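What follows is each chain in one-letter form.
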Amino acid sequence: MGFRVLGTGSALPARSVTNDDLSEFLDTSDEWISTRTGIHSRRICTTETLDDLALEASRQALDAAGVHADQLDLIVCSTTSGDHLMPAEACAVAELLGASCPAFDVSAACAGFVFALDVADGFIARGRASRILVVSAEKVSRLVDWTDRATCVLFGDGAAAAVIEAGGDNPLAIRLSTDPSVETLHVPGVPGSSPYDQTERPAQHLFMEGRRVFKFGVNAIVDAVTELCAEAHVAVTDVDHFVFHQANERILSSAVSRLGIDDARVARALAETGNISSACIPLALDRLVRAGELTSGQLVVLVGFGAGLDVGACLLRW
Ligand code: COA
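Note that the structure is a prediction, hence the values are computed from the model and not measured.

### A word on the nonpolar core
Inside soluble globular proteins, nonpolar side chains tend to come together where they are buried.
And then number 1: Grouped together as the largest cluster of nonpolar side chains are 49 residues, with contacts concentrated most on Ile 221, Val 225, Phe 244, Val 301 and Val 303.
And then number 2: Among the secondary structure elements, those contributing two or more residues to this core are α6 (210-231), β11 (241-244), α7 (249-259), β12 (299-306) and β13 (308-317).
And then number 3: Of all the elements, α6 adds the most residues to this core, at 10 residues.
And then number 4: When residues of this core are sorted by domain, at least three fall in each of domain 1 (3-166) and domain 2 (173-317).
And then number 5: Grouped together as the second largest cluster of nonpolar side chains are 32 residues, Ala 120, Val 243, Leu 302 and Cys 314 included.

This is the structure we're talking about:
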């Protein structure tokens, strides 16, 4: 048995930070950021907690699905930037929603939404759950070094969610993969204060080899689209929407030109959100749904990629 998506939701912090805002304290410019990344502004948490954003996105998804929190059998959250190291962000969402089902997090960085969807699908396949909330929530602004112009300009905060239900034939195809490399893109863990710890304690900031991630991202999209469509016996030209991780406009346009796909079918949200890690894909989906552009029966390919280096990709019939 597979699943169908009943409803989606999303939430962003109120504060929009433009490229010009960043150039007030960084040696950068709107011209550099816009042309190298396609990002013009990003939403950054000021008074909002990540719990607030995750709750709002989840409430919207439940409303759209017509499902009450006490009807949920499971809550899976994807995050690497939760408000608490423990318990899981999903536990905070459960408490705030008044749900009493099991709740836990999946950590697969920017590929997290598809990994979480696959975990949820496994619970459905084993008959352990029939209604599941999958929520991706990220406060990347707490992970980046705000003096590093090569990384902090790329990211933003936000959350997005989907409620899925047993039934239907999704996913038509799904692929998860890891090309293991911690060094390429990572955030060190909490250093702690153990008097016994003699290991190195690196700076508590996101580190990234930008060029390596760029090439990895383009290849991830091209390979995933080709392989998923072949596996499901679907022509790439028959896919109605492509929802790729929103890391950099140049990654999207390189993949589009290598695949030869119709650019109008490729979802874009990053100009005003930046890279919100695992929340990028469900947020773009929610926007398509609310704009009436993603409708029942259409085919949509999701491809997330990032630290790990993880790739999570799937083909869904909406
Ligand atoms: N403003 C101005 N100059 C900047 C800058 C900024 N915000 N960030 C970097 N630069 C400078 C660099 O210092 C470098 O200067 P130098 O030539 O004097 O040394 C120059 O711009 C070129 O840097 P480079 O890193 O080669 O640029 P790039 O074209 O590769 O673009 C990224 C950098 C980060 C935008 C690009 O590599 C990228 O998007 N990679 C993928 C990152 C990503 O998406 N990560 C998350 C994936 S989940």
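### Some points on the side chain of Ser 81
And then number 1: Mapping Ser 81 onto the fold places it in the loop between β4 (74-78) and α4 (89-97).
And then number 2: Within the local environment of Ser 81, its side chain forms a polar contact with the side chain of Glu 138, the two groups lying 2.7 Å apart.
And then number 3: Excluding residues within four positions of it along the chain, Ser 81 makes contact with Leu 50, Ala 137, Glu 138, Lys 139, Val 140, Arg 142 and Leu 143.

### Quick look at the sheet that holds β11
And then number 1: Read from one edge to the other, the open sheet built from four strands follows the order β8-β13-β12-β11, with strand pairing classed as mixed. Of all the strands in the sheet, the pair left with one neighbour each is β8 (173-181) and β11. Between one strand axis and the next, the sheet turns by 10° as a mean value, whatever way the strands run.
And then number 2: Relative to β12, β11 runs parallel, the two being bridged by four bridges. Considered in β12, the bridge of Phe 244 is made with Val 303.

Cut-offs used in this document
Residues numbered from 1 in each chain as written. Predicted model: local features only at pLDDT ≥ 70, side-chain atom pairs only at ≥ 80, totals over all residues. Heavy atoms only, no water. Core = buried A, V, L, I, M, F, W, Y, C linked by side-chain atoms within 4.5 Å. Buried < 20%, exposed > 50% of the residue type's maximum accessible area, 1.4 Å probe, protein only. Helix = DSSP H or I, 4+ residues; strand = E, 2+ residues; numbered from the N terminus. Domains from an automatic or database assignment. Polar contact = N/O pair within 3.5 Å; in protein donor to acceptor, adjacent residues only side chain to side chain. Contact = heavy atoms within 4.5 Å. Pairing = 2+ DSSP bridges. Axes fitted to C-alpha atoms, helices over the stretch in contact; angles between N-to-C directions.

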